[in-house]
Amino acid sequence: MSVATRSVPTEAEVLDRATTENFSVASLVLGKANRGRLLAIYGFARLVDQLGDEVEGDRLAHLDDLERELDRIYEGGLPDHAIMRRLAPTVRALDLPRGPFIRLIEANRRDQRQSTYDTYQELLDYCDLSANPVGELVLHVFGVATPERVTLSDDVCTALQLLEHWQDVAEDRSHGRVYLPAEDIERFPDDDALMAFEIDRARALLDRGAPLVGTLGGRARLAVAGYVGGGRAGLDALAAGSPKASKRSRLLATLTTFARGR
C-alpha cells in the first residue's frame with residue numbers, strides 16, 4: 001500500500017502535530033528558512049511515528065513504503081506523500097545524510113517487535129534510533145554538524161526522549177508499551193522512588209550534553225538552548241508532580257541556558 005493513500009495521515013494532520021510537539025519557544029524566532037527546513041524534518045519524524053503507532057493494517061509495510069519514498073528523494077525522483085515532497089528540497093539543498101532518516105524508520109520497526117525493555121542499555125539503544133537522529137539533522141540544518149557536536153547532541157536528544165517516556169508512562173501502558181527498564185522496576189518497587197531515579201538519570205544525561213550550546217553561536221545556539229532549556233523545565237515539572245512544564249518556565253530555562261552556554 002502506498003504512503004500516498006488516505007489510510008495514512010494527511011500533510012495537515014502531520015504538520016499540526018509536528019508544530020505542536022517539536023517547536024520549542026526559541027525556535028519561533030529562528031527565521032523563515034530555518035523554520036521551514038526544521039518543519040520538513042519534524043514532519044518526516046512525525047509521519048514515521050504515526051505510521052508506526054496509529055495506522056491500521058500492516059504497519060511494517062507502511063514503513064517499508066516510506067523508506068522507498070525516501071529512496072526516491074535520494075535518487076532524484078518525486079515522492080508521493082506531501083510530507084515527503086516537502087522534505088525533498090531540504091534534503092537536496094543541505095545534502096542531508098540518509099542514515100538519520102533510516103534510523104527513525106527503524107525505531108518504528110522496532111516498536112512493532114518490542115514493547116518492553118529489560119535494561120537501561122536496551123532503552124538507550126532504542127533512543128539512538130528514535131531520538132538522536134533528529135538532533136543530528138538539526139545540526140546539519142544550521143551547518144554546524146561535527147562528530148564532537150553530534151556526540152553531545154545525542155546525550156541531549158536521548159535525555160529528551162527519556163523525559164517524554166516518563167511523562168507518558170500511563171499512556172504508553174494503555175498502548176501495551178513499557179519503556180521503564182525491567183531492571184529498574186525490580187530495583188525500585190516504589191513508583192515514586194522509581195520515577196525520581198529515572199528523572200535524575202535523564203537530568204544527568206541532559207547536563208552532560210548541554211555544553212553543546214556553548215560551542216554554537218547565533219540561531220543554532222538559540223535553537224539548541226531551547227531544546228536543553230525546555231528539557232530542564234520539563235524534568236523540573238515532572239519532579240514536582242506536573243506532567244508538563246509551563247511556557248513561562250520553558251522560556252526562562254531557555255534564556256538561562258543560552259546565557260550560560262550549557
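Below is a short write-up of the structure. (Residues numbered from 1 in each chain as written. Predicted model: local features only at pLDDT ≥ 70, side-chain atom pairs only at ≥ 80, totals over all residues. Heavy atoms only, no water.)

**Topic: the nonpolar core**
Move 1: Counting 71 residues, the largest nonpolar core has Phe44, Leu87 and Trp166 as its most contacted members.
Move 2: Tryptophan 166 has contacts with Leu123, Tyr179, Leu180, Pro181, Met195, Glu198, Ile199, Ala202 and Leu238, leaving out every residue within four places of it along the chain. (Core = buried A, V, L, I, M, F, W, Y, C linked by side-chain atoms within 4.5 Å. Buried < 20%, exposed > 50% of the residue type's maximum accessible area, 1.4 Å probe, protein only. Contact = heavy atoms within 4.5 Å.)

**Thoughts on the packing of helix H2 (residues 32–53) against helix H5 (residues 99–113)**
Move 1: At a closest axis distance of 9 Å, the pairing of H2 and H5 adopts a crossing angle of 20°. Compared by their axis directions, H2 and H5 come out roughly parallel. Taken as a pair, H2 and H5 cross one another with a handedness that is right-handed. In this structure, H2 uses Phe44, Ala45, Val48, Asp49, Gly52 and Asp53 to contact H5, whose residues at the interface are Phe101, Leu104, Ile105, Asn108, Asp111 and Gln112. (Axes fitted to C-alpha atoms, helices over the stretch in contact; angles between N-to-C directions. Helix = DSSP H or I, 4+ residues; strand = E, 2+ residues; numbered from the N terminus. Parallel < 35°, antiparallel > 145°, perpendicular 65-115°, else oblique. Left-handed = near helix turned anticlockwise from the far one by under 90°.)

**Re the side chain of glutamate 136**
Move 1: In this fold, glutamate 136 is placed in helix H7 (residues 132–141).
Move 2: The contacts of glutamate 136, once residues within four sequence positions are left out, are Pro97, Pro100, Arg103, Val150 and Ser153.

**Quick notes on unusual backbone geometry**
Glycine aside, residues mostly have negative phi, and peptide bonds are mostly found in the trans state.
Move 1: With a phi close to 55°, aspartate 95 is a non-glycine residue in the positive phi region.
Move 2: With respect to the secondary-structure elements, aspartate 95 resides in the loop between helix H4 (82–94) and H5.
Move 3: Owing to a relative accessible area of 64%, aspartate 95 belongs among the exposed residues under this scheme.

**Topic: the packing of aromatic side chains**
Move 1: Applying the stated criterion to the full structure yields five aromatic pairs.
Move 2: When the centroid spacing of 5.1 Å and the interplanar angle of 90° are considered together, the rings of phenylalanine 44 and phenylalanine 101 count as edge-to-face. With phenylalanine 44 in helix H2 and phenylalanine 101 in helix H5, this pair connects stretches of sequence that are 57 residues apart. Of the two residues, phenylalanine 44 and phenylalanine 101, neither departs from the other in class, the shared state being buried. (Phe/Tyr/Trp six-rings, centres within 6.5 Å; stacked < 30°, edge-to-face > 60°.)

**Concerning the pattern of salt bridges**
Move 1: If you walk through the whole model with that rule in mind, you get 19 salt bridges.
Move 2: In this structure, arginine 98 engages glutamate 67 in a salt bridge whose closest nitrogen and oxygen atoms are separated by 3.4 Å. Placement of arginine 98 in the loop between H4 and H5 and of glutamate 67 in helix H3 (residues 59–74) is noted, with a sequence separation of 31 residues between them.
Move 3: For arginine 98, a relative accessible area of 32% translates into the label partly exposed.
Move 4: Judged by relative accessible area, which is 19%, glutamate 67 ranks as buried.
Move 5: Residue arginine 109 pairs with glutamate 106 through a salt bridge whose shortest N-O separation is 3.5 Å. In this pair, arginine 109 and glutamate 106 are both assigned in helix H5, three residues apart and thus about one turn of the helix distant.
Move 6: Accessibility expressed as a relative area gives 24% for glutamate 106, which makes it partly exposed. (Salt bridge = Lys/Arg side-chain N within 4 Å of Asp/Glu carboxyl O.)

**Examining the side chain of threonine 257**
Move 1: Structurally, threonine 257 is set in helix H13 (residues 247–260).
Move 2: A polar atom in the side chain of threonine 257 sits 3.2 Å from the side chain of arginine 232.
Move 3: Beyond its immediate sequence surroundings of up to four residues, threonine 257 is in contact with Val213, Ala225, Val228, Gly229, Arg232 and Arg262. (Polar contact = N/O pair within 3.5 Å; in protein donor to acceptor, adjacent residues only side chain to side chain.)

**Details of the state of the cysteines**
Move 1: Within this structure, the stated rule accounts for zero disulfides.
Move 2: Lacking any disulfide linkage, cysteine 127 is separated from the closest cysteine sulfur, that of cysteine 157, by 9.9 Å.
Move 3: Judged by its relative accessible area of 0%, cysteine 127 is buried. (Disulfide = S-S within 2.5 Å.)

**Observations concerning H3**
Move 1: Along its 16 residues, H3 runs 23 Å from first to last C-alpha, staying within 8% of the 22 Å computed at 1.5 Å per residue.
Move 2: The complete set of buried residues in H3 reads His62, Leu63, Asp65, Leu66, Glu67, Glu69, Leu70 and Ile73.
Move 3: Where H3 begins, the side chain of aspartate 58 points an oxygen toward the backbone nitrogen of leucine 60, at a separation of 3.2 Å.
Move 4: Count one or two residues on from H3 and you reach glycine 76, which has phi positive near 90°. (Expected span 1.5 Å × (residues − 1).)

**Overview of the packing of H2 against H4**
Move 1: Two elements in contact, H2 and H4, have axes separated by 9 Å at closest approach and are oriented at 130°. In terms of their interaxial angle, H2 and H4 are classed as oblique. Note on packing geometry: the crossing formed by H2 with H4 is left-handed. Counting all contacts with H2, which are made through Arg37, Leu39, Ala40, Ile41, Gly43, Phe44 and Leu47, the residues of H4 involved are Ile83, Met84, Arg86, Leu87, Thr90, Ala93 and Leu94.
Move 2: For the contact of H2 with H4, the class distribution of residues is 10 nonpolar, two polar and two charged. (Nonpolar A, V, L, I, M, F, W, Y, C, P; charged D, E, K, R; others polar.)

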